[in-house]
Amino acid sequence: MELKEAAHRPSKPAWTPWRPIKPAVGFTACSLAETLDGGQAFRWRCDDGVWTGQWSDVVVRVRLRTDGALEWSAPDVLAKRVSTSLPGYFATGRDFASLTDALPWRSDHRLAIAIQALTGLRILRQPLDETLLAFLCSPTKQIVQIKQILALLAKRFGAEILPGMHALPTWPVLAEVSEPELRACSLGFRARHIKAAAVALSETPDWSNRVECLPYPEAREWLMRLPGVGEKIADCVLLFGMGKLESFPVDVWILKVMCRRYGLEGWKNSWIAHFGRVHFGPAAGLAQQYLFALERRNGRQ
DNA sequence: ATCCAGGTATGCA
DNA sequence: TGCATACCTGGA
């Protein structure tokens with residue numbers, strides 16, 4: 001009887017038992033929230049302490065254990081691919097505690113405060129295509145709105161990976177979508193750039209592998225040749241989608257911090273980006289994320 | 001109602 | 001090079 005009913009229902013997927021992420025990554029509730037939902041990634045939501053997120057063809061839930069370790073659960077049908085792509089996504093191979101300790105916080109009071117407030121913060125290693133798409137949607141948009149746009153794009157143009165859950169669309173698919181259809185996803189003037197970038201990237205299907213191999217300056221130049229990609233978006237993509245930690249994206253928040261706390265009033269964004277890379281060193285992007293998160297937390301009201 | 005939000009591309013000194 | 005301006009849209 002029950003079996004019969006289950007067969008008719010558009011069955012809800014069964015989820016695997018909770019398992020720790022290995023190698024272990026240590027978060028606090030605060031640094032976990034900042035990492036997943038603080039402007040690096042735009043496809044996470046939190047209900048009752050359980051985070052649900054998506055990337056590529058993956059859906060996963062994560063939650064924090066009392067000891068600071070992270071554990072995960074996935075729909076049974078996706079468990080295999082989730083377990084293989086989880087370590088990469090969370091960059092478990094990177095020791096962010098050591099990277100943080102190597103930042104110049106001993107002589108940089110503002111940074112020391114931020115690190116203390118956000119212990120455990122990480123830089124995710126997201127799929128390159130999705131990172132680029134997300135940040136092409138980002139100019140003068142708030143995080144909530146970027147999340148809405150990406151959800152719409154996924155729903156309308158992305159492959160369904162579970163009932164009701166869609167991956168983000170690929171570049172070849174987006175290249176075929178008309179600009180008005182894109183605008184209908186609340187994209188506004190960003191639609192033009194996304195369409196043009198999609199067309200360009202579809203012509204070079206292996207672009208992501210090729211660009212990922214390039215050193216920071218060359219990869220940055222390559223990205224900036226794409227329509228809609230300036231210094232800031234390029235740096236975000238390099239940092240969150242390619243693991244180039246020396247990248248130092250300068251947005252309005254960081255601009256404010258650097259002006260007020262580092263005495264850089266009157267500096268151009270590109271000078272500040274350069275200053276950041278020199279002052280904070282090989283993991284400048286991690287420092288940026290600490291400062292950014294602190295400023296944003298204090299800034300909103 | 002007006003302003004502004006995690007920028008970029010353009011046009012002109 | 002350097003600076004101002006337009007560009008979509010939705011929410012405060």
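Residues numbered from 1 in each chain as written. Chains lettered and ligands numbered in written order. Predicted model: local features only at pLDDT ≥ 70, side-chain atom pairs only at ≥ 80, totals over all residues.

For chain A, the count of helices and strands is 16 helices and seven strands. Here the C-alpha radius of gyration of chain A, 20 Å, is about what a compact globule of 301 residues would show, namely 19 Å. Projected onto its principal axes, the C-alpha coordinates of chain A cover approximately 70 × 50 × 40 Å. Out of the 301 residues in chain A, the part that is buried amounts to 38%. Sequence-distant contacts, at least 24 apart, represent 65% of the contacts inside chain A between residues at least 6 apart. (Helix = DSSP H or I, 4+ residues; strand = E, 2+ residues; numbered from the N terminus. Rg over C-alpha atoms; globule rule 2.2 N^0.38 Å. Buried ≥ 20, exposed ≤ 12 C-beta atoms within 10 Å, placed from the backbone. Contact = placed C-beta atoms within 7 Å.)

Before going further, it helps to spend a moment on helix H12 (residues 216-224). Those residues of H12 lying buried are Ala219, Arg220 and Leu223. Taken end-on, H12 shows its buried residues confined to a sector of 100°, consistent with a single buried face. Across H12 from its buried face, at more than 90 degrees, point the exposed residues Pro217, Glu218 and Glu221. Tucked into the core, H12 has its buried residues touching helix H11 (207-213) and helix H13 (231-240). (Arc of directions from axis to C-beta.)

Moving on: the protein's contact with DNA strand B. The full set close to DNA strand B counts 19 residues, and Gly39, Pro139, Gly230, Lys232 and Ile233 are the nearest of them. A per-class count over the surface near DNA strand B returns nine nonpolar, seven polar and three charged. (Near = placed C-beta within 6 Å. Nonpolar A, V, L, I, M, F, W, Y, C, P; charged D, E, K, R; others polar.)

Let's shift gears to the domain arrangement of chain A. You can read the domains of chain A as domain 1 (2-93), domain 2 (96-124 + 244-293) and domain 3 (128-240). A C-alpha centroid distance of 29 Å is found between domain 1 and domain 2. Contacts between the two partners involve 15 residues from domain 1, matched on the other side by nine residues from domain 2. For the side of domain 1 that touches domain 2, the leading source of residues is helix H2 (residues 29-37), giving four residues. Across the side of domain 1 that touches domain 2, the residue classes tally to seven nonpolar, seven polar and one charged. (Domains from an automatic or database assignment.)

Tracing the backbone shows Asp67 in the loop between strand E4 (58-64) and strand E5 (70-73). You can call Asp67 exposed: it has 8 C-beta atoms within 10 Å. Expressed as a C-alpha distance, the spacing of Asp67 and Gly26, which sit 41 residues apart in the sequence, is 8.3 Å.

Bringing the packing of helix H6 (residues 128-136) against H13 into the picture now. When two helices pack together, their arrangement is given by the angle between the helix axes and the distance between those axes. Viewed as axis vectors pointing N to C, H6 and H13 meet at an angle of 150°, and their least axial separation amounts to 9 Å. Between H6 and H13, the interaxial angle falls into the category roughly antiparallel. Handedness of the crossing formed by H6 with H13: right-handed. In this structure, H6 contributes Thr131, Leu132, Phe135 and Leu136 to the contact, and H13 contributes Ile233, Cys236, Val237 and Phe240. A breakdown of the residues in the contact of H6 with H13 according to their chemical character gives seven nonpolar, one polar and no charged. (Axes fitted to C-alpha atoms, helices over the stretch in contact; angles between N-to-C directions. Parallel < 35°, antiparallel > 145°, perpendicular 65-115°, else oblique. Left-handed = near helix turned anticlockwise from the far one by under 90°.)

Another point: the sheet that holds E5. Strand pairing in a sheet relies on backbone hydrogen bonds, with the paired strands running either antiparallel or parallel. Strand order in the open sheet made by the five strands is E1-E5-E4-E3-E2, with antiparallel pairing throughout. Each edge of the sheet is formed by a strand with only one pairing partner; in this case those strands are strand E1 (19-20) and strand E2 (44-47). Note: E4 against E5, four bridges, orientation antiparallel. Residue pairing across strands places Arg61 opposite Ser73, the latter belonging to E5. Sitting on the sheet, H2 touches E2, strand E3 (50-55) and E4, and the angle it makes with E2 is about 145°. Its contacts with the sheet put helix H3 (residues 79-89) on E3, E4 and E5, and the angle it makes with E4 is roughly 65°. (Pairing = 2+ DSSP bridges.)

The next subject is the nonpolar core. Across soluble globular proteins, nonpolar side chains have a tendency to be buried as a group. Membership of the largest hydrophobic core comes to 83 residues, with the highest contact counts inside it found for Val237, Ala287, Tyr290 and Leu291. Not counting chain neighbours up to four residues away, the residues in contact with Val237 comprise Thr131, Leu132, Phe135, Leu223 and Met242. (Core = buried A, V, L, I, M, F, W, Y, C linked by C-beta atoms within 7 Å.)

This brings us to the packing of H12 against H13. Across the interface, H12 lies against H13 with an axial gap of 9 Å and an inter-helix angle of 125°. With respect to each other, H12 and H13 are oriented oblique. Here H12 runs over H13; the crossing is right-handed. Counting all contacts with H12, which are made through Tyr216, Ala219, Arg220, Leu223 and Met224, the residues of H13 involved are Glu231, Ala234, Val237 and Leu238. Grouping the amino acids of the contact of H12 with H13 by side-chain chemistry returns seven nonpolar, no polar and two charged.

Turning our eyes to something else, we now look at the environment of Thr131. Following the sequence through the fold, Thr131 ends up in helix H6. Residue Thr131 is classed as buried on the basis of its C-beta count, with 25 C-beta atoms lying within 10 Å. Separated by 92 residues in sequence, Thr131 and Leu223 place their C-alpha atoms 12 Å apart. Leave out the neighbours within four places in its chain, and Thr131 touches Gln126, Val237, Phe240 and Gly241.

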